[in-house]
Amino acid sequence: MNAKSTTLLSVARDALDKHLAGAARVRLGLSGGLDSVVLLHLLGRLQRENAFGLSAMHVHHGLSPDADAWAAHCQALCLQIGVPCEVVRVTVDRRHPQGLEGAARIERYRALSAPGADILVTAHHQDDQAETVLLALLRGGGMRAAAAMPGARGRSGMYHLRPLLDVPRSELEAYAREHYLTWVDDESNFDAVFRRNALRHAVFPVLEKHFPDYRRRLAVAAASFAEAAALLDQLAEQDASFDAAGGLSCERLAALGEARARNALAWFIRRAGVSVPPPRRLREALRQLLGAARQSQPAISLGQASLRRYHDHIYVVPAVPTLGQARWIWRGETVLPLTGSPLQLKFEPMPGQGLKQAKLAGRVISVRLRQGGERLALRRGGPARSLKNLFQEAGVPPWWRSLWPLLWVDETLVAVPGVGVHPDWQAHGDEAGLRILAEEGAAS
C-alpha cells in the first residue's frame, strides 16, 4: 500500500472520528461514480476499526437511460463488502426554477436526509469545492454563496460530513486504480450545456497551466468567505431587536444604516428557513418595509413565504393555505394539530383560567375557521362583538385571521385562543380550567 493510500484513509478516519458517538448510524450517498465508490471502500475499511453502522443510499433520478444500471452497480458493490444499500427513486421537476441540476440536487438531498441515520457522508472533493466557489462568484453570489461547501454541518437532524473536501480528485483516482475499484461514468458530466461541466473541461485546464494550485487557493478563499459570513451573522444577531412575537423591529433597522439593516434582514429571513432574495430585491424589500406608512401592512413575496410589516415590526410569514370550511374535533389532546394549517392548538391546565373543564365533560368540541359574521361576548352582560374588532384589539396579525381556530360546542362559539372565552364557559377562582394557545406548528 503506498503512502497516498494510507494518507487518504487517515483523512477519512480523522473526519469521521470527530463526529462518531457510540454506535452511530452512518449513511453514504452512493452515486456509483469514482468519488463515492472510493469513499465506500474507505468507509468499509474504517467500519472494521470502529463499531459504527454503515449503509448506503443510491438516489435514482431517472434522468439517464443508464440509471437502472447505475443502481444495480451500487447494489452489487455494497453486496461485495456486506453494506446494506437502499435505492430510492425520485421524480425531478424538469421545469424547476433552479434548473434540472438544481431540481435533482433538491430531490437527492431530500432522500438522503430521511430519518434512519445520524451522519450523512458524501464524497465531495477539492475539485468540487473549486468549481462551487468559482460558479458562485461568476453568478454574482455574496459572501455566503462563495463560502461554498462546509466540511461538516447539521442537516435535517443529522450531521452532513464531506471528509474528502480537501483531497484533489487525482488522489481519489489513484486510490481507485490501486485497489482495482470499478465505477460508472455519468454521461451528463461531459455535457457542456451545464455550466459546471464547462468550467471543468474548458476553463480549469487553462487555469491550471498558470495557477497549478488553483484548487487549494480557491479552497482557502472559501474558508475565508465562510469565516466572514459567520462574522456577519454575529453582527446581525447583535443588531436585531424583536418583539414578543418574534417580529423584527423597523425602528431598530432604520437606525442601523442600509448595509447593516440589509444584513440583519437577510439573517432574519434565513433564520426563518426561507431563501434570501437577490441583493437588488432585498434592497427594495427593505425600502418598502421601512418606508411604509405606520398603519399600512405591506407584503413582499419570498416565494414560499412573505415579508409582512405589522405594528412597526417585520415578520416572515409562510404561504397561507386556503382551508375553507375545514373542521377538527378535540378529544382531550394536549396538542391538537390542525391538518393542513400552519397553526396548532395547545391546551394547558390552569386553575381559574380559560375554558371551565367541568362544562366540557361529555361535550364534543369542534374547531372551525372564521366564515364571517362570528361574534363573541367576553364578559357577562356585555355585548357580543365582531371577531374583526376583537382580533385587532388582541393583536392577532391579519395574515392569521382567516386561519385562526375557533372553538365551538354545538353551535355556540365558546372560545377564541388569544382573544377570550364566552362568559358562560369561563373558569373562575379555583375551578379547573384549560388555557388554549394557538401557535405555529408543522402543517400536515
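Our subject is the structure that appears above.
Residues numbered from 1 in each chain as written. Predicted model: local features only at pLDDT ≥ 70, side-chain atom pairs only at ≥ 80, totals over all residues. Heavy atoms only, no water.

(A) A look at the overall build of the chain. Helix and strand content of the chain: 14 helices and 21 strands. Each of the three principal axes of the chain carries a C-alpha extent, and together these read 90 × 50 × 40 Å. Per-residue burial over the chain gives 44% buried out of 444 residues. Within the structure as shown, the chain displays about 23100 Å² of accessible surface, and the carbon and sulfur contribution to it stands at 51%. If you average the places of the 54 positive and of the 44 negative side-chain charges in the chain, the two averages end up 6 Å apart. (Helix = DSSP H or I, 4+ residues; strand = E, 2+ residues; numbered from the N terminus. Buried < 20%, exposed > 50% of the residue type's maximum accessible area, 1.4 Å probe, protein only. Areas by Shrake-Rupley, 256 points an atom, 1.4 Å probe, with all protein chains shown as cover. Lys, Arg positive; Asp, Glu negative; His and termini not counted. Charge placed at Lys NZ, Arg CZ, Asp CG, Glu CD.)

(B) Layout of the sheet that holds strand β12 (residues 335-337). If you trace the 4 strands from one edge of the open sheet to the other, you get β12-β13-β21-β14, paired in antiparallel fashion. At either end of the open sheet lies a strand with only one pairing partner, and these are β12 and β14 (355-356). Alignment of β12 against strand β13 (residues 343-349), held across 3 bridges, turns out to be antiparallel. Across the sheet, the residue bridging to Leu 336 is Leu 345, located in β13. (Pairing = 2+ DSSP bridges.)

(C) Representation of the packing of helix α9 (residues 214-239) against helix α11 (residues 258-271) in the model. For the pair α9 and α11, the least separation of the axes is 9 Å and the interaxial angle reads 95 degrees. With respect to α11, the element α9 is oriented roughly perpendicular. When α9 is examined against α11, the residues Leu 232, Asp 233, Leu 235, Ala 236, Glu 237 and Asp 239 are found in contact with a partner set consisting of Arg 260, Asn 263, Ala 264, Trp 267 and Arg 270. Its residues assigned to classes, the contact of α9 with α11 shows 5 nonpolar, 1 polar and 5 charged. (Axes fitted to C-alpha atoms, helices over the stretch in contact; angles between N-to-C directions. Parallel < 35°, antiparallel > 145°, perpendicular 65-115°, else oblique. Contact = heavy atoms within 4.5 Å. Nonpolar A, V, L, I, M, F, W, Y, C, P; charged D, E, K, R; others polar.)

(D) Broad picture of the sheet that holds strand β9 (residues 305-310). Taken in spatial order, the 4 strands make up an open sheet running β7-β10-β9-β8, and their pairing is antiparallel. Two strands in the sheet have a free side with no partner beyond their single neighbour: β7 (248-249) and β8 (299-301). Across the face of the sheet, α11 comes into contact with β7, β9 and β10 (313-318) while running at roughly 30 degrees to β10. Contacts between helix α12 (residues 279-291) and the sheet are confined to β8, β9 and β10, with β9 contributing the most and set at about 25 degrees to the helix.

(E) Local environment of the packing of aromatic side chains. According to the stated counting rule, one finds 7 aromatic pairs in the structure shown. Pairing Phe 242 with Trp 267 gives two aromatic rings, centres 6.2 Å apart and planes at 45 degrees, and the pair type is tilted. You can see Phe 242 sitting in the loop between α9 and β7 and its partner Trp 267 sitting in helix α11, a full 25 residues away along the chain. Under the relative-accessibility criterion, Phe 242 is labelled partly exposed at 33%. An angle of 80 degrees between the planes, with centres 5.9 Å apart, marks the rings of Tyr 310 and Trp 399 as edge-to-face. Pair noted here: Tyr 310 is in strand β9 and Trp 399 is in the loop between α14 (387-394) and β18 (406-409), with a separation of 89 residues, a long-range link. According to the relative accessible area criterion, Trp 399 is buried, its value standing at 7%. These aromatic residues form a ring-pair network of at least three members: Phe 242, Trp 267 and Phe 268. Positioned above the aromatic ring of Phe 242 is the side chain of Arg 271, whose terminal nitrogen or guanidinium carbon lies 4.7 Å from the ring centre. (Phe/Tyr/Trp six-rings, centres within 6.5 Å; stacked < 30°, edge-to-face > 60°. Lys NZ or Arg CZ within 6 Å of the ring centre and 35° of its normal.)

(F) Representation of the nonpolar core in the model. By size, the foremost hydrophobic cluster in this structure holds 38 residues, and its most contacted members are Leu 336, Leu 345, Phe 347, Leu 355, Leu 387, Leu 407 and Val 416. Counting residues per element, the ones that place at least two in this core are β10, β11 (327-330), β13, β15 (365-368), α14, β18, β19 (412-416) and β21 (433-440). Ignoring any residue separated from it by four or fewer positions in sequence, one finds Phe 347 in contact with Trp 330, Glu 333, Thr 334, Leu 336, Leu 407, Leu 434, Arg 435 and Ile 436. Core analysis: the second largest hydrophobic core is formed by 34 residues, Val 26, Leu 30, Leu 77 and Leu 181 among them. (Core = buried A, V, L, I, M, F, W, Y, C linked by side-chain atoms within 4.5 Å.)

(G) Spotlight on the packing of α11 against α12. Put simply, α11 and α12 touch, their axes get as near as 10 Å, and they point 100 degrees apart. Taken as axis vectors, α11 and α12 run roughly perpendicular relative to one another. In this structure, α11 contributes Glu 258, Ala 261, Arg 262, Leu 265, Ala 266 and Ile 269 to the contact, and α12 contributes Leu 282, Arg 283, Leu 286 and Leu 289. Class assignment of the residues belonging to the contact of α11 with α12 gives a composition of 7 nonpolar, no polar and 3 charged.

(H) Structural detail: α11. For α11, with 14 residues, the first-to-last C-alpha span of 20 Å sits near the 20 Å given by 1.5 Å per residue. Those residues of α11 lying buried are Ala 261, Asn 263, Ala 264, Leu 265, Ala 266, Trp 267, Phe 268 and Ile 269. Elements that come into contact with the buried residues of α11 comprise α9, β7, α10 (250-254), α12, β9 and β10. (Expected span 1.5 Å × (residues − 1).)

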